[in-house]
Each structure stands twice: as structure tokens, then as C-alpha cells.
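Residue-level structure breakdown
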Amino acid sequence: MKRLYLDRRRGLVDALAQLSITHAPAGLGVLLRLPDGVDEGRVVKQARAAGLAPVPLSPWYVTPELRQSGLLLGVTNVPEADVMALCRRLLAIVASCGP
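Let me sum up the structure you'll find in this document. Computed from a prediction, not measured in an experiment: that's the story for all the values here. (Residues numbered from 1 in each chain as written. Predicted model: local features only at pLDDT ≥ 70, side-chain atom pairs only at ≥ 80, totals over all residues. Heavy atoms only, no water.)

1. Quick look at the overall build of the chain
Quick reminder of the rule: Every helix listed is a DSSP run of H or I at least four residues long, and every strand listed is a run of E at least two residues long, numbered separately from the N terminus. The size measure is the radius of gyration over C-alpha atoms, and the globule rule it meets is 2.2 Å times the number of residues to the 0.38 power.
Check the secondary structure of the chain and you find 3 helices and 4 strands. Ordered by position from the N terminus, the helices and strands of the chain form the series α-β-β-α-β-β-α. A globule of 99 residues ought to have a C-alpha radius of gyration of about 13 Å, and the chain, at 13 Å, matches this closely. Oriented by its inertia axes, the alpha-carbon framework of the chain measures out at about 40 × 30 × 25 Å.

This is the structure in C-alpha cells:
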């Protein structure tokens with residue numbers, strides 16, 4: 001399974017890189033910072049309604065002053081063949097939730 005998850009993470013990282021999206025691999029996931037002014041809660045709600053399951057990043061911060069909005073994208077259930085389409089769907093949602 002480790003190999004499968006590594007391949008899936010690599011596919012997600014490659015797709016985000018091709019779309020020029022800043023990201024950081026993080027274990028079995030990928031961290032994606034949201035642009036300033038994007039409503040993290042709204043992104044998560046709309047993404048879940050679209051069949052995606054990002055986890056909001058801001059609740060994980062202990063210090064409110066340091067809190068940044070972002071998403072933790074899991075890789076365990078992302079089929080490699082669908083990763084680019086899923087990334088584009090998520091990015092369209094992010095764009096619709098911005099200023």
C-alpha cells in the first residue's frame with residue numbers, strides 16, 4: 001500500500017505543479033495554501049458538495065495570530081487517472097470563493 005500511496009501523492013503533486021499551484025507534500029497528503037481573501041470554510045463546503053474531501057488547515061493552528069487558511073488534500077483515495085480533473089475541479093471552487 002505504501003507504494004500505491006506514494007504513487008498517488010506523486011501524481012497529485014505533479015498535477016498541482018503543472019497547474020502552477022504552490023503546495024507541500026505532507027505524509028499521506030499534500031498541503032495547499034489558499035490565496036488571501038479566499039473563504040476556507042466555503043471552499044471546503046463546496047468541495048464536499050462536489051464529491052471532494054479536503055480538510056481545512058486553519059483549525060490545526062494553536063495560535064490564532066499565526067493561522068493561515070489552506071487545505072490538506074489526502075491521497076489515499078485519489079485515482080491517478082482522475083487526479084488532474086479533480087485538481088481542476090478544486091481550483092475552480094477555490095476561484096469561485098475568492099474576493
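Once you've had a look at it, read on.
2. Details of unusual backbone geometry
Of note in the backbone geometry, Ser20 takes a positive phi value of approximately 60° without being a glycine. Locating Ser20 in the fold gives a position in the loop between helix H1 (2-18) and strand E1 (24-26).

3. A few points about the environment of Ser96
Where we set the bar: The classification of residues rests on relative accessible area computed with a 1.4 Å probe and restricted to protein chains. Under 20% of the type maximum is buried, over 50% is exposed, and intermediate values are partly exposed. Contacts are assigned to residue pairs with any non-hydrogen atoms lying within 4.5 Å of each other.
Structurally, the position occupied by Ser96 is in helix H3 (residues 83-96). Under the relative-accessibility criterion, Ser96 is labelled partly exposed at 37%. With 50 residues separating them in the primary sequence, Ser96 and Gln46 have C-alpha atoms 9.6 Å apart. Beyond its immediate sequence surroundings of up to four residues, Ser96 is in contact with Arg42 and Gln46.

4. Some remarks on the packing of H1 against H3
When two helices pack together, their arrangement is given by the angle between the helix axes and by the axis-to-axis distance. Keep this limit in mind: For every element, the axis is a line fit to its C-alpha atoms; helices are fit only across the contacting stretch, and the angle between N-to-C directions ranges from 0 to 180 degrees. Here the angle decides the label: under 35 degrees means roughly parallel, over 145 means roughly antiparallel, 65 to 115 means roughly perpendicular, and every other value means oblique. Here is the rule for handedness: rotate from the far helix to the near one, and if that takes an anticlockwise turn smaller than a right angle the crossing is left-handed, while a clockwise turn gives right-handed. Gly is put with the polar residues, along with every residue not named as nonpolar or charged; the nonpolar set is Ala, Val, Leu, Ile, Met, Phe, Trp, Tyr, Cys and Pro, and the charged set is Asp, Glu, Lys and Arg.
At a minimum axis separation of 9 Å, H1 and H3 run at an interaxial angle of 55°. Considered as vectors, H1 and H3 are oriented oblique to each other. Considering how the two elements wind past one another, H1 and H3 form a crossing that is right-handed. Facing H1, whose interface residues are Gly11, Leu12, Ala15, Leu16 and Gln18, H3 presents Val83, Met84 and Cys87. Classifying every residue of the contact of H1 with H3 gives 6 nonpolar, 2 polar and no charged.

5. What about the nonpolar core?
Stated precisely, the cut-off is as follows: By nonpolar core is meant a set of buried Ala, Val, Leu, Ile, Met, Phe, Trp, Tyr and Cys residues that side-chain atoms within 4.5 Å join together.
One finds Leu12, Val43, Leu71, Leu73 and Leu90 to be the most contacted residues of the largest nonpolar core, which totals 23 residues. Secondary-structure elements contributing two or more residues to this core are H1, strand E2 (29-33), helix H2 (40-49), strand E4 (70-74) and H3. Residue contributions to this core peak at 6 residues, all from H3. Beyond its immediate chain neighbours, meaning those up to four positions away, Leu90 contacts Leu32, Val43, Ala47, Leu52, Leu71 and Leu73.

6. Side note on the side chain of Arg8
Heads up, the condition is: Neither His nor the chain ends contribute to the count of charged residues, in which Lys and Arg are positive and Asp and Glu negative. We define a salt bridge as a side-chain nitrogen of Lys or Arg found within 4 Å of a carboxyl oxygen belonging to Asp or Glu.
Relative to the assigned elements, Arg8 resides in helix H1. The buried charged residue Arg8 lacks any salt bridge, with Glu80 as its nearest oppositely charged partner at 5.3 Å. With sequence-adjacent residues up to four places away left out, Arg8 is seen in contact with Val75, Thr76, Asn77, Val78 and Glu80.

Structural measurements only, silent on function.
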